[in-house]
Amino acid sequence: MSKQYFVESKPNSGGTGNEQAGVAAKIAYIDDQPYEIREGDTILALMRRHFGKDAVPTLCDAPNLDPFGSCRVCSVDVALSKGGPVKTMASCHTPVMPGAFIYPESERIQKLRKNIVELVLTDHPLDCLTCEVNNNCELQAVAAKVGIRDVRYPEGKNHLDRKKDLSHAYMTSDFSKCINCFRCVRACDEVQGQFVLSMGGRGFDSHIIKSLETNFEKSDCVSCGACAQACPTSAISDIFESKSIQVDKKVRTVCTYCGVGCNLEVAVKGGKIKSIQAPYEAEANAGHTCLKGRFAFSFYNHADRLRSPMIKKDGEFVPVSWDEAYNFIANKLTEIKSKYGADAIGGVSSARGTNEENYLMQKFLRAVIGTNNVDSCARVCHSPTALGMQRTFGTGAATNSIKDLKLTDCILVIGANPTDGHPVTGAKLKQVAMSGKTSIVIDPRRTELAKYATYHLQLRPGTNMAVLNMMLYYIISEGMEDKDFIAQRTEGYEEFKQEILAQDIDELSRISGVDKQLVRDAAIAYAKAPNAMEFHGLGVTEHSQGTFTIMMISSLAMITGNVGRPGVGVNPLRGQNNVQGAADMGCQPHQGAGYYDVADPVYHKKYEEFYNAKLPNYSGLKIPQMYDAALSDKLKAMWVIGEDMGQTDPNTHHVKAALAKLELFVVQELFMTETAKLANVILPAASFLEKSGTFTSGERRIQRVNAVVDPLDGTKSDGQIMVDIMNLMGYKQPAVYDPEWVLEEIAQIVPFFEGVKWAELGDNGKQWPVNKEGKGTDILHTESFKRGKGKFIHNNYRKSEELVQNEKDYPYIITTNRELEHYNCGAMTRRTNNVLIITDDVLMINPEDAAKHLISEGDMVCVESPRGKVDIKARITDEVKPGILSSTFHFPEVMLNNITSSISDSEALCPEYKVVSCRIRKSKGEFKKQKMVV
């Protein structure tokens, strides 16, 4: 910028602290008064910082969108010197020039704004009093601010006759109220990256279109609601009228679905939830969320909710009082412990529960029952991540924050479909891919992200290790390793290097089905990038070599020096909202709260003293081992919180047979799930909207979950249930569950929660480790690894036993996945309008395979494995290669896990959902699906 407009503050001019210290500050003048400029300031940003968010009226500006300048309502007068020529400029996208003189309320600016708004109003229905956004309409507010009392121009005929679009399960539009500000278009493009909305026509015929002039239902809309939240009027809205201010209160909480940790602002009216929006200032999601977080909340008061404890008597569930249920459980547990010992009892906590509830569950099993037989559903998703990263880095959590995507030069996404499974992070990853930065996707499916990737390594399921060995081979053989990082911060490299260079690359290419030149190009691109950031999901962990794959991914990051600074790292995409927290709290059989080894004498003593109880000094059973123990009559009782293993765990027949042998099976649930049907006792739990606590997201962010409404009559929070049963069985706890006192206790035993206090978490939480002073941590391993030096550990590719044993008779491989609209077993989403968008599980099948078996689109296909068979509707697509199938298990009518196997990761016992041998044929009969009442 020209030096003539640079103004230096004098040391005694009353400037800022920086100025007083002799640092020159850049100054601009607003109404002839000096104000300091910050790097990157637009005029609008400068005005808002000093005069508040309403300092300048706007219509096309939104907090999470780039400046656009289409409405011109934000115009201000600008002169480059006092008394110099004045030019009218849009403040939203005009950078502040040092020394500029800005006049935001000059007479001609006021006339200009009023004229613009009058012209807009000629083409807008004046039905404010009956409009859903009355008193929360930006057009209404701006019109009042600029002084509109009447409109001097004749009424337009462009938009006023446009019909409402009510075709969609959630989204609505009334384009008679559209002001052509482009905010919806930009939200769809810049936030979600879906490009559904655009502007059609020219001049007075300009209007918003969906896809190719269709409606919401038929468009490519993914129902994220970003357009509705961005709309300054009610031109685009939703069935819940989420911008209406006719509510009693709004409560900030955290989403219960995936591990992104989206903040939600929940509106309540008459004691019921009216709508949900995403706070713009939320660090995790910045005003964005997916359709599950924004719209799929109506399950909370669905007619199917369990509302009374029940005990199974003579094969039928009978409602009972809480006292009767508690006494029955306590007496039975005492009897079993006395007769068979404490290890005849086990428990499975929930990665959907709060940290505090998970902590209390493992405390109950260890301190009251006296067993380490505690696990959680983290076992069936990310246990290999925890174990693999602990072995290589010393801690099993994400090294970096999602915000680092702004700083990376390359993304590597392995075994994850984040646009479906982790939609807000997925949208950010998609934006990176579309921006032209290097993007590498390793996945057997051509996922949405793969379509935009620079390199898509479409491997055969189960061959991650083969491809990663190839990538590491090329990095080493091409001399692309970061020698300084390796020398200073790692160990075991020379042996690792020799193992890698001994690999038969041609054989690995044949095994994986990926061209070796493509792997070489991707490897070099990753190694050359100044900053490369890795993300992985269940397509890595749910394999027989899941832990070893995580260790190879860690090695890939270390060999290129991509650890310990912004824009790099190894970052697991957590499938459920509190997978990280459940493990942190000790819901695993070999480690207690804070990841201390329960068999280590030092830590065993520490736990005994802390809980004032006698504890076992050996590891307990993992979930698959619990099933085997039940079948062999060694496990007699199991308590499960919020886990539908009867539908979601692999080899369903095996699971149900094990659960049926239990003398006592207690299930805490929201609904009568497939698992709840097998219970002796059912305890009706409260949903996330009805309780308080904390969730820890995939980026280690500990956030407050705040109760929005009271628990439904007859239900209790999981935390209160745990407190009640502990007190009943003689282990005294405060009578009323409150997350504040539980969190205070957690902070005393979990070292990385040391400085966590309920009252200090604020709206955005803190990323652990949180030190004694309450300061969180964005990036791990900045100077050294948790274990001291990072460790290179090599493993060769090994073919899954599932294929070794079965591929001759079962030549196809089916792999499991998740749809955007549903979540895990679908117990919640199937009780919302999401079920109107995706109505059933389908089988992805390549056109070649479909033709070979005379299968047409929509036909029912019989898929058979050594465990059983299921019928699934065909969806013919080239997203999977020939010989590869893919499906979901959201709907109990299909029960896909009847065919999955009991083979697990060799180290962490995470089930191998991703490699299942099967054969297919066109179904002989017609599949009949039950209708879910929403």
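Model, not experiment: these values are computed from the prediction.

Reading guide: rules and limits
Residues numbered from 1 in each chain as written. Predicted model: local features only at pLDDT ≥ 70, side-chain atom pairs only at ≥ 80, totals over all residues. Heavy atoms only, no water. Helix = DSSP H or I, 4+ residues; strand = E, 2+ residues; numbered from the N terminus. Buried < 20%, exposed > 50% of the residue type's maximum accessible area, 1.4 Å probe, protein only. Contact = heavy atoms within 4.5 Å. Areas by Shrake-Rupley, 256 points an atom, 1.4 Å probe, with all protein chains shown as cover. Lys, Arg positive; Asp, Glu negative; His and termini not counted. Charge placed at Lys NZ, Arg CZ, Asp CG, Glu CD. Pairing = 2+ DSSP bridges. Axes fitted to C-alpha atoms, helices over the stretch in contact; angles between N-to-C directions. Salt bridge = Lys/Arg side-chain N within 4 Å of Asp/Glu carboxyl O. Core = buried A, V, L, I, M, F, W, Y, C linked by side-chain atoms within 4.5 Å. Phe/Tyr/Trp six-rings, centres within 6.5 Å; stacked < 30°, edge-to-face > 60°. Polar contact = N/O pair within 3.5 Å; in protein donor to acceptor, adjacent residues only side chain to side chain. Disulfide = S-S within 2.5 Å. Arc of directions from axis to C-beta. Parallel < 35°, antiparallel > 145°, perpendicular 65-115°, else oblique. Left-handed = near helix turned anticlockwise from the far one by under 90°. Nonpolar A, V, L, I, M, F, W, Y, C, P; charged D, E, K, R; others polar. pLDDT = per-residue confidence, 0-100.

### Here's the deal with the overall build of the protein chain
Thinking step 1. Counting its secondary structure elements, the protein chain contains 30 helices and 35 strands.
Thinking step 2. Put simply, the protein chain has 934 residues, and 63% of those count as buried.
Thinking step 3. Across the protein chain, every contact between residues at least 6 apart in sequence was considered, and the portion connecting residues at least 24 apart equals 73%.
Thinking step 4. Per element, the accessible surface of the protein chain, about 35,400 Å² overall, is 49% carbon and sulfur.
Thinking step 5. In the protein chain, 109 side chains carry a positive charge and 115 a negative one; their mean positions are 1 Å apart.

### Brief notes about the sheet that holds strand β1 (residues 27–30)
Thinking step 1. An order of β2-β1-β5-β3-β4 is seen for the 5 strands of this open sheet, with the pairing classed as mixed. Edge positions in the sheet fall to β2 (33–36) and β4 (86–90), since each has one partner strand and no second. For this sheet the average axis-to-axis angle between neighbouring strands, irrespective of direction, equals 35 degrees.
Thinking step 2. Examined bridge by bridge, β1 and β2 share 4 bridges and lie antiparallel to one another. For Y29, the partnering residue across the bridge sits in β2 and is P34.
Thinking step 3. Strands in contact with helix α3 (residues 107–121) are β3 (75–79), β4 and β5 (101–103); relative to β3, the strand with the most contacts, it is inclined by about 155 degrees.

### Examining unusual backbone geometry
Thinking step 1. Across the junction of W768 and P769, the peptide omega takes the value 0 degrees, indicating a cis bond.
Thinking step 2. Here P769 is to be found in the loop between β28 (766–767) and β29 (790–791).
Thinking step 3. Unlike most non-glycine residues, H781 shows phi in positive territory, near 60 degrees.
Thinking step 4. If you trace the backbone, H781 turns up in the loop between β28 and β29.

### Structural notes on the pairing of β3
Thinking step 1. In terms of burial, β3 is a largely internal element, 5 of the 5 residues being buried.
Thinking step 2. In β3, alternate side chains face the same way, and those of S75, D77 and A79 on one face and V76 and V78 on the other are all buried.
Thinking step 3. The sheet contact formed by β3 and β4 spans 5 bridges and is antiparallel. Each residue of the ladder has a partner; that of V76, found in β4, is M89.
Thinking step 4. As paired strands, β3 and β5 are joined by 3 bridges and run antiparallel to one another.

### Topic: the pattern of salt bridges
Pairing between side chains of opposite charge can happen when their charged atoms approach one another.
Thinking step 1. Tallying each qualifying case throughout the model produces 49 salt bridges.
Thinking step 2. With its nearest N and O atoms 2.6 Å apart, the salt bridge here joins E507 to R510. A residue pair is termed a helical-turn pair when its members lie 3 or 4 positions apart in one helix, as E507 and R510 do in helix α17 (residues 505–512) at 3 residues.
Thinking step 3. On the basis of relative accessible area, E507 is assigned to the partly exposed category, the value being 31%.
Thinking step 4. Relative accessible area serves as the criterion here: at 57%, R510 is assigned to the exposed category.
Thinking step 5. Here E760 makes a salt bridge to K766, at a shortest N to O gap of 3.9 Å.
Thinking step 6. Given the relative accessible area of 42%, E760 is considered partly exposed.
Thinking step 7. On the basis of relative accessible area, K766 is assigned to the buried category, the value being 15%.

### Here we look at the nonpolar core
Thinking step 1. Counting residues in each nonpolar core, the largest one holds 61 residues, and the members touching the most others are L197, I208, I236, I273, F299, L689 and V708.
Thinking step 2. When residues of this core are traced back to their parent elements, those giving at least two are α5 (183–192), β7 (197–200), α6 (226–230), β10 (249–254), β11 (263–269), β12 (272–277) and α7 (291–295).
Thinking step 3. Broken down by element, this core gets its largest block of residues, 5 residues, from α5.
Thinking step 4. Setting aside chain neighbours within four positions, we find I208 in contact with F175, C178, C184, V185, L197, S198 and M199.

### Side note on the packing of aromatic side chains
Thinking step 1. For the coordinates displayed, the defined rule picks out 24 aromatic pairs.
Thinking step 2. With centroids separated by 5.4 Å and ring planes inclined at 65 degrees, the aromatic side chains of Y35 and F51 adopt a geometry described as edge-to-face. Within this pair, whereas Y35 is found in strand β2, its partner F51 is found in helix α2 (residues 43–51), the two being separated by 16 residues in sequence.
Thinking step 3. A ring pair is formed by Y596 and Y603, whose centres lie 4.4 Å apart and whose planes are at 20 degrees; its orientation type is stacked.
Thinking step 4. Residue Y603 is classed as partly exposed on the basis of its relative accessible area, which comes to 31%.

### Considerations on the environment of P309
Thinking step 1. The residue P309 is located in the loop between α7 and β13 (310–313) in this model.
Thinking step 2. On the basis of relative accessible area, P309 is assigned to the buried category, the value being 3%.
Thinking step 3. On a C-alpha basis, the gap between P309 and W322 in space is 6.1 Å, while along the polypeptide they are 13 residues apart.

### Here we look at the side chain of E118
Thinking step 1. Along the chain, E118 turns up in helix α3.
Thinking step 2. Reaching out from E118, the side chain makes a polar contact with the side chain of R152 at a distance of 2.6 Å.
Thinking step 3. What E118 contacts, discounting residues up to four positions off in sequence, is I148, D150, V151, R152 and Y153.

### Structural notes on the state of the cysteines
By definition, a disulfide links two cysteine residues through a covalent bond between their sulfur atoms.
Thinking step 1. Applying the stated rule across the entire model yields 0 disulfides.
Thinking step 2. The thiol of C92 is not disulfide-bonded; the next cysteine sulfur, from C74, is found 3.9 Å away.
Thinking step 3. We note that C178 lacks a disulfide partner, and the nearest cysteine sulfur, in C184, lies 6.1 Å from it.

### Focus: α2
Thinking step 1. Taken residue by residue, α2 has I43, L44, L46 and M47 as its buried positions. Down the axis, α2 shows its buried residues gathered within 160 degrees of arc, on one side only.
Thinking step 2. Looking at the buried residues of α2, the elements they touch are β1, β2, β3 and β5.
Thinking step 3. Once α2 finishes, G52 follows within two positions and takes phi at roughly 95 degrees, a positive value.

### Some details on the pairing of strand β35 (residues 916–922)
Regular strands have side chains that alternate between both faces of the sheet.
Thinking step 1. Summarising the sheet, strand β30 (residues 812–816) and β35 pair through 3 bridges and their orientation is antiparallel. Across the sheet, I813 pairs through a bridge with S917, a residue of β35.
Thinking step 2. Two strands pair when backbone bridges link them, and strand β32 (residues 860–865) and β35 are joined in this way by 4 bridges, in the antiparallel orientation. Bridged to V861 within β35 is K922.

### Brief notes about the sheet that holds strand β22 (residues 569–572)
Thinking step 1. Pairing is parallel in the open sheet, where 5 strands are placed in the order β19-β18-β17-β21-β22. Two strands close off the open sheet at either side, each with one partner strand: β19 (455–457) and β22. Direction aside, the axes of adjacent strands within the sheet are offset by 15 degrees on average.
Thinking step 2. With 4 bridges connecting them, strand β21 (residues 532–536) and β22 associate as parallel partners.

### Observations regarding the packing of helix α10 (residues 383–392) against helix α20 (residues 546–559)
Thinking step 1. Running from amino to carboxyl end, α10 crosses α20 at an angle of 45 degrees, the nearest separation of the two axes being 8 Å. In terms of their interaxial angle, α10 and α20 are classed as oblique. For the pair α10 and α20, the sense of crossing is right-handed. Residues P384, T385, L387, G388, M389, R391 and T392 of α10 pack against G546, T547, F548, I550, M551 and S554 of α20.
Thinking step 2. Its residues placed into classes, the contact of α10 with α20 shows 6 nonpolar, 6 polar and 1 charged.

### Side note on the confidence of the model for the protein chain
Thinking step 1. Averaged over the protein chain, the pLDDT score is 93; the fraction of residues at 70 or greater is 96%.
Thinking step 2. Confidence drops under pLDDT 50 across residues 1–23; counting only partners more than four residues distant or on other chains, this segment forms 27 contacts.
Thinking step 3. Under a pLDDT of 50 for its full length, residues 927–934 has, in the predicted model, 19 contacts with residues more than four places off or in other chains.

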